[in-house]
Amino acid sequence: MIRRGLSLTEIIIALAIAVMVMVPVTSMFSTSGQQVQKSRNFSFAAGLARRISQHLMAMPFENIVEVPLPGLALHDSPDDVFFNPIVNFSASQSGVKKITASDMPALHDFLVQNDFKYALSVSNVSFGAGDEIKSISILITWKEAGRNMIYRTHVYVSSV
Amino acid sequence: MSRLFKHNRKRAAFTMIEIMVGATILAVIGGMVAHWFVMQRQYQSRILAISDAQQNIRQASWNMIQELRTARNLIYPRLNADKSIRSDTKTIFKNFAGDIVCYFHDAATGQIRRCLVPNGPGVPVVDKKPIGSGIDKVAFTAHDVGNRLIGIYLESSGTVGLESVYLLNE
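Residues numbered from 1 in each chain as written. Chains lettered and ligands numbered in written order. Predicted model: local features only at pLDDT ≥ 70, side-chain atom pairs only at ≥ 80, totals over all residues. Heavy atoms only, no water.

Draft legend 1. Quick look at the pattern of salt bridges. Applying the stated criterion to the full structure yields 7 salt bridges over all chains. Residue Glu163(B) is joined to Arg50(A) by a salt bridge in which the shortest nitrogen-to-oxygen separation is 2.4 Å. Here Glu163(B) is found in strand E9 (residues 159–166), whereas its partner Arg50(A) is found in helix H1 (residues 8–58) on a different chain. Take Glu163(B): its relative accessible area is 6%, and that puts it in the buried class. Looking at Arg50(A), the relative accessible area reads 35%, which means it is partly exposed. Residue Asp127(B) is joined to Arg114(B) by a salt bridge in which the shortest nitrogen-to-oxygen separation is 3.0 Å. You can see Asp127(B) sitting in the loop between strand E6 (125–126) and strand E7 (137–142) and its partner Arg114(B) sitting in strand E5 (residues 111–117), a full 13 residues away along the chain. Given a relative accessible area of 14%, Arg114(B) falls into the buried group. Each member of the salt-bridge network shares a partner with another, and the members are Asp115(A), Lys117(A) and Lys143(A). (Salt bridge = Lys/Arg side-chain N within 4 Å of Asp/Glu carboxyl O. Helix = DSSP H or I, 4+ residues; strand = E, 2+ residues; numbered from the N terminus. Buried < 20%, exposed > 50% of the residue type's maximum accessible area, 1.4 Å probe, protein only.)

Draft legend 2. Fine view of the side chain of Gln40(B). With respect to the secondary-structure elements, Gln40(B) resides in helix H1 (residues 16–69). Using a relative accessible area of 13% as the deciding quantity, one classes Gln40(B) as buried. Not counting residues within four places of it along the chain, the set of residues in contact with Gln40(B) comprises Thr26(A) and Phe29(A). (Contact = heavy atoms within 4.5 Å.)

Draft legend 3. Examining the pairing of E9(B) more closely. All names here are of chain B. Burial runs high along E9: 8 of the 8 residues are buried. Neither face of E9 is left uncovered, since the one carrying Thr159, Gly161, Glu163 and Val165 and the one carrying Val160, Leu162, Ser164 and Tyr166 both have all their residues buried. Alignment of strand E8 (residues 149–156) against E9, held across 8 bridges, turns out to be antiparallel. Counterpart to leucine 154 in the pairing with E9 is glycine 161. (Pairing = 2+ DSSP bridges.)

Draft legend 4. Layout of a nonpolar patch on the surface. Together, Met22(A), Ile17(B), Val21(B), Ile25(B), Ile29(B) and Val33(B) make up an exposed nonpolar region whose accessible area comes to about 510 Å². When residues in the nonpolar patch are grouped by element, the largest group, 5 residues, is from H1(B). Mapped onto the elements, Ile17(B) comes out in helix H1. (Patch = residues over 30% accessible without salt bridge, like charges linked within 9 Å, V, L, I, M, F, W, Y side chains within 5 Å. Areas by Shrake-Rupley, 256 points an atom, 1.4 Å probe, with all protein chains shown as cover.)

Draft legend 5. The arrangement of unusual backbone geometry in detail. Cis rather than trans, the peptide bond between Leu69(A) and Pro70(A) has omega equal to 15 degrees. Residue position: Pro70(A) is located in strand E1 (residues 67–73). Residues Asn84(A) and Pro85(A) are joined by a peptide bond in cis, for which omega reads -10 degrees. Relative to the assigned elements, Pro85(A) resides in the loop between E1 and helix H2 (105–114). Despite not being glycine, Lys83(B) has its phi angle at roughly 70 degrees, a positive value. Positive phi, close to 55 degrees, is recorded for Asn147(B), a residue that is not glycine. Mapping Asn147(B) onto the fold places it in the loop between E7 and E8.

Structure representation (structure tokens):
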């Protein structure tokens, strides 16, 4: 009896072609996803740096001090001056909310997941008594898919 | 006549077992492909949601920061009597042109709207276009005694934006 069908070699070749097509398609999906997450983290980091820069403007000049690398972890610094307390919808101190697992669980999880930290590098420039400038580098660092990421910006704050 | 009833008994065909095995293999492979496809669609939906949320936050932040940065002074919210920070879903300030402006969050539509508050009798006039859309939570927070620093917390589909604005024209 002559039976016509597919040989094992033909099936293997067909499967190999199918896999060769599927793998790039899969990686295309995951690559676009990684790009979106990368973009989100980068935007978030830029927002954090802007927030720090704006708070520096309102801080007493002498309180602007160095925060050395590796920096302060946002999820683990409840007494940090730039981010805590973060909101308070009540009319007294009792209602303040900080970036902690109990007060802001979603935000805290996000910060833990990406290990967002900030560091400040402060240089003093003096033009005479009472006339100084602080040159401040704001560094935001985070982890993304096992890689260390960094966002840096620079501000100047005057004593006058 | 005998030729009419003559059948070829050696016709090649699939047996029931072969068809069942083939159908089972096809079902398994089809199920795996369908599952993979559904997973990818869900993943894409999540990614799209993140991308949209990020865009919503970026746009709302940008629109508000541009006007707040050059604002003259912050009218509401202000620090509590015990000097603790104070947050609200709306903020009122005097802008660069001297108009009293209010940003408020409409939770029902997820929009941030801008309105002009009359400096005297009258009703607030709400802008036709929202300054932010797709925003789930908003908190405008007064941070300093001088009423020059306002924190903006935005949340859209689980994505968070933390901004602050220091008013330059106090």
